[in-house]
Every structure is written in structure tokens, then in C-alpha cells.
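# Report on the structure
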Amino acid sequence: MYRATKVRIYPNKEQAELLDRQFGAVRFVYNKALHIRSHWYKRYGVSLGNIKHIQPLLPIAKKSRKYDWLKNADSNSLQVALQNLDLAFKNFFEKRAKYPKFKRKNGTQSSYHCSNLKVTCDSIKIPKIPSIKANIHRELTGKVKSITITRAPTGKYYASILCDDGLEAAVKPTLITSVTGCDIGLADYLIRDDGKKTANPRYLVNAYRRLRRDSKNLSRKKPGSSNRKKARIKLAAQHERVANARADFQHKLSRSIIDENQAVIVETLKSANMMKNRRLARHIGDAAWNGFVTKLAYKAEQAGVHLVKIDQWYASSKTCHCCGHKMAEMPLKVREWQCPSCLADHDRDINAAINIKQKGITDLMAAGLVVKAHGGLRKSGSEPVAAWEVGSLAVYGGEQSPLCVLFTH
Ligand SMILES: [Zn+2]
């Protein structure tokens, strides 16, 4: 299994200069390729989607007098810059992202290296740059596969070290006895089907006044001045603090969910769509659900836990989990409601979490797994119904959904 560890590195002045040149080359290749591909498309209508057109240009550029300085950079990192651009275009064409943008000198810089690497207890070595002092705060096991160096807008340098520990991936159980369904929200960050709610810490919203003050301060500074640089770093540090607090929260929450369950079911939200609601945009950006689901996914992979992602169109909030009645509308402000069909009272989020869990269990059983995590069928003290029996019955649409009884505790 592959495991990435991010460590802080402390290049000296000379090394920082070499690193900045390395970042410059990566950024140049990315931006140049983006320019060429956009130009070809506008001018000749050549498809933007193929990396094969652009890759042969790199060795030609290195031989030319104008761009021969590219030879001083690690060639792998330049190839990867082209691949990253390819991915950015792919995400754009598959409507997951906006059109790729040019990389800026002041933004986060990064560079990928995968050959001639060395990691000791207090240093790392990448091609063409002498060993850099590093704070390896965690023991690394296995073979080092790659190192990605980044420079944050605050000017701090980091190395993400990817190791292959040589072990097989954890085996996921075929008999599942503990499942949780999670709904992700704004008022509460995470709502589990058992009613457990985790409050949304709202790091960005709380830091908003400070961020606004710092960014106003930055905009008043003269372009190119050293005061502007100072203000920019101050603002970046503020953003970094928010991001660190958020990441820490997400890591701890995802860790506890993965440790407690054999299967976790979440809804994948199309937050880009919701971001169009301007009043909510800041809160949604702050919640950063995608980052949270990513953390859940790799922890699940490492621990051998099933992670089921439910499509975002699935009407988890609108459907009554008891009888399957679907409401025509469910505005965001409605927190509690009563089902007009079966008169059950619902907490909006818990009802959604239960629906998500039910849908996930159906998916797991459809994949041939046995799920016995529902606490049994509690209908007038009868014996628990075996999961495979329940699985063969229709879940939605019927008057009496068997799973609805399953989940009433
Ligand atoms: Zn109902």
C-alpha cells in the first residue's frame, strides 16, 4: 500500500534559490503548454484533449538556445507538469472544474520527483539539489516512490513523501456488522443515522473579519513594494491557519468514523452547484466536504472499510425513511417535518442520514455482501430477518418497505 507523509523542510538560501528555479521551470512548462493548447484550439480547432501532441515539444525546447535552461530542472517534474495539465483539461471537459488557469508566481508552487531520491532521518534529497534539512516527524516504512516539494504562499516549504510499505491492501469484510450512514450539512457538519451530530466548526466564517481586514490592507499596498509582499505573506499565513485547523478537524472526524465501522455510507454533494447560492457560498467553501470525503476514502482503503458514495441526485432529504413517501419540495430552512403519508415526525438531517444508510446497504447487498448491521428487524419482538432475505425485497416504491421497519429502533 502507498502512504504519503507530509513533512516540513528547511532549505538554506542557496537551496531555496535552486528550488525556486525548479518551481519556475515546472510553472513555465505548464503555462506554456496551456498557452499552446488554447492557441491551437482557437486558431486551428485542434482538440485540446490530447497530451501526445504536446509531449514531443519538450525535448525540442530543451535543445533550443532559448529554452535550454529547462535542462537544469528534473526532467520527470516537467513531464508531470504536462500530465497535470492534461488532468486539468480532463476535469474541465468532464464538467468537474473550470477551464485551466495559468499558474502564478505567488501561489502554491509544486514539483514532483520520482528518481534518485534519498530520505534520511533528518534530510531529503531530490535530483540536482543538495540534501535539504527536513523534520521527519513520523517513521517512514518501505520504499520511497516519489517526493513532491511544495512552497506555500507563506513561503514555507514542504515535502510529501510517498512510500510503498510492500504490504497488501487490507481485506474488506464480506460480512458487515457495523454500518453508519452520514449526511453532510451546514448547520451540523456531519449527522449520523443514529442521531449523533457533529457541529460545524466554521473556521473560515469565524476568521472572516480578520481575513477581510488583512486583504483590504494588502490591496492598499503599492504593487511590487516590500510592504505589499509583507501584507501578502500575512494574509497567506492567516489562510494557512484556517486550512490547518480545518484539516485537523476533518482528519480526527474521519478517523473516528472509520475506526468505529466496517462500512460507511456518504452522499457525494455537488457543492459547485450549491456554491451558486451566493448567501451560502462562503459557508459551503468553509465546510470543504470534498476534502473530508477524500480523507474518509483513503482511511477506509487503509483500514479495509467499505465506503459507499451515494449519488447527489438521490433525494435523501425529501424522502420519508419510514414509508418512502417523497415530498415535492424540501427547502433548506425546514429543519423538522412530518410525513403526510405515515405521520412520522422527522429531523431533516437524521432522516436524510437514515435514507443514505438504507440506500448504501442496498448497494452493498447488490454487490453480494452480507449486511447484519441494522440491529435486526424489530417488529413485535420477532426474530431478526436475515439480510439476504431483506435484500431480495423491493426497498422503495412499495407501501410497506421492509427496510423501514428494519431501521426503527
Ligand atoms: Zn412516511
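Per chain, the residues get numbers from 1 upward, laid out in the order the sequence is written. Totals for whole chains, interfaces and linings use every residue, but because this is a predicted model, local features are given only for residues with pLDDT of at least 70 and side-chain atom pairs only at 80 or more, for both listing and counting. Side-chain measures were taken over the full set of non-hydrogen atoms in the model, leaving aside hydrogen atoms and water.

## Looking at the overall build of the protein chain
To be explicit about the condition: Numbering of helices and strands runs from the N terminus, with a helix taken as a DSSP run of H or I at least four residues long and a strand as a DSSP run of E at least two residues long. The method behind every accessible area is Shrake-Rupley, applied with a 1.4 Å probe, and residues are considered shielded solely by the protein chains displayed.
Looking only at helices and strands, one finds 12 helices and 16 strands in the protein chain. With an accessible surface of roughly 23,300 Å², the protein chain has 52% of that area assigned to carbon and sulfur atoms.

## Here we look at the environment of Lys101
Put simply, the rule reads: Three labels apply to residues, based on accessible area from a 1.4 Å probe with only protein chains included: buried if under 20% of the type maximum, exposed if over 50%, partly exposed otherwise in between.
Relative to the elements of secondary structure, Lys101 occurs in the loop between helix 3 (75–93) and strand 2 (109–113). On the accessibility criterion, Lys101 (64% relative accessible area) is exposed. In this structure, the C-alpha to C-alpha distance between Lys101 and His35, residues 66 residues apart in sequence, is 9.8 Å.

## Some remarks on the pattern of salt bridges
Opposite charge on two side chains permits them to pair, given that their charged atoms come into close proximity. Note the cut-off: What counts as a salt bridge is simple: a side-chain nitrogen of Lys or Arg found within 4 Å of a carboxyl oxygen of Asp or Glu.
In this structure the tally under the stated criterion is 14 salt bridges. Salt-bridge contacts for Arg151 lead to Asp20; the nearest nitrogen and oxygen are separated by 2.8 Å. Of the two residues, Arg151 is situated in strand 6 (residues 143–151) and Asp20 in helix 1 (residues 13–44); the sequence distance between them amounts to 131 residues. Here Asp20 falls in the partly exposed class, since its relative accessible area comes to 32%. For Glu240, the salt bridge identified is with Lys156, shortest N-O distance 2.9 Å. Here Glu240 is found in helix 6 (residues 226–260), whereas its partner Lys156 is found in the loop between strand 6 and strand 7 (157–164), with 84 residues between them in sequence. Taking relative accessible area as the criterion, Glu240 reaches 13% and is therefore assigned buried. Exposure remark for Lys156: the relative accessible area of 29% places this residue in the partly exposed category.

## A look at the pairing of strand 6
Heads up, the rule is: Pairing between two strands is assigned when DSSP locates at least 2 bridges connecting them.
Relative to strand 6, strand 2 is paired through 5 bridges, and the arrangement is antiparallel. Among the inter-strand pairings, Ser110 is bridged to a residue of strand 6, identified as Thr150. Direction of pairing for strand 6 relative to strand 7: antiparallel, over a ladder of 8 bridges. When the sheet's bridge partners are listed, Ile147 is paired in strand 7 with Ile161. Counted along the chain from strand 6 to the antiparallel partner strand 7, the turn is 5 residues long, and its residue Gly155 has a positive phi close to 95 degrees.

## Points about the layout of surface pockets
To keep things clear, this is the line we draw: Using only the protein atoms, space was sampled on a 1 Å grid; points where a 1.4 Å probe fits but cannot get out form cavities, open sets with protein on both sides within 12 Å along at least five of seven lines form pockets, and lining residues are those with an atom within 4 Å of a point. Grid points are joined across faces, edges and corners, and a volume is the space filled by probe spheres set on the points. In this classification, Asp, Glu, Lys and Arg are treated as charged, Ala, Val, Leu, Ile, Met, Phe, Trp, Tyr, Cys and Pro as nonpolar, and every other residue, Gly included, as polar. Domain boundaries shown here were taken from an automatic or database domain assignment.
The volume enclosed by the largest pocket comes to roughly 1,400 Å³. Secondary structure elements with two or more residues in the lining of the largest pocket: strand 1 (2–10), strand 6, strand 7, helix 6 and helix 9 (289–303). The greatest single-element share of the lining of the largest pocket, amounting to 10 residues, is contributed by helix 6. Classifying every residue of the lining of the largest pocket gives 12 nonpolar, 13 polar and 12 charged. Summarising the domain contributions, the lining of the largest pocket has at least three residues from each of domain 1 (2–164) and domain 2 (175–406).

## What to know about the sheet that holds strand 11 (residues 197–199)
How we decide: In this analysis an axis means a line fitted to C-alpha atoms, helices contributing only their contacting stretch, and an angle means the value between N-to-C directions, from 0 to 180 degrees. Note on contacts: a residue pair is in contact if any heavy atoms of the two residues lie within 4.5 Å.
Read from one edge of the open sheet, 5 strands run 11-10-9-12-13, paired in mixed fashion. In this open sheet, the two strands that pair with only one neighbour each are strand 11 and strand 13 (306–310). The mean inter-strand angle of the sheet, taken between neighbouring strand axes irrespective of direction, is 20 degrees. Sheet topology note: the strand 12 (residues 263–267)/strand 13 ladder contains 5 bridges and is parallel. From the neighbouring strand, Ala263 faces strand 13, where its bridge partner is His306. Against the sheet, helix 9 engages strand 9 (179–184), strand 10 (188–192), strand 12 and strand 13, with an angle of about 150 degrees to strand 13.

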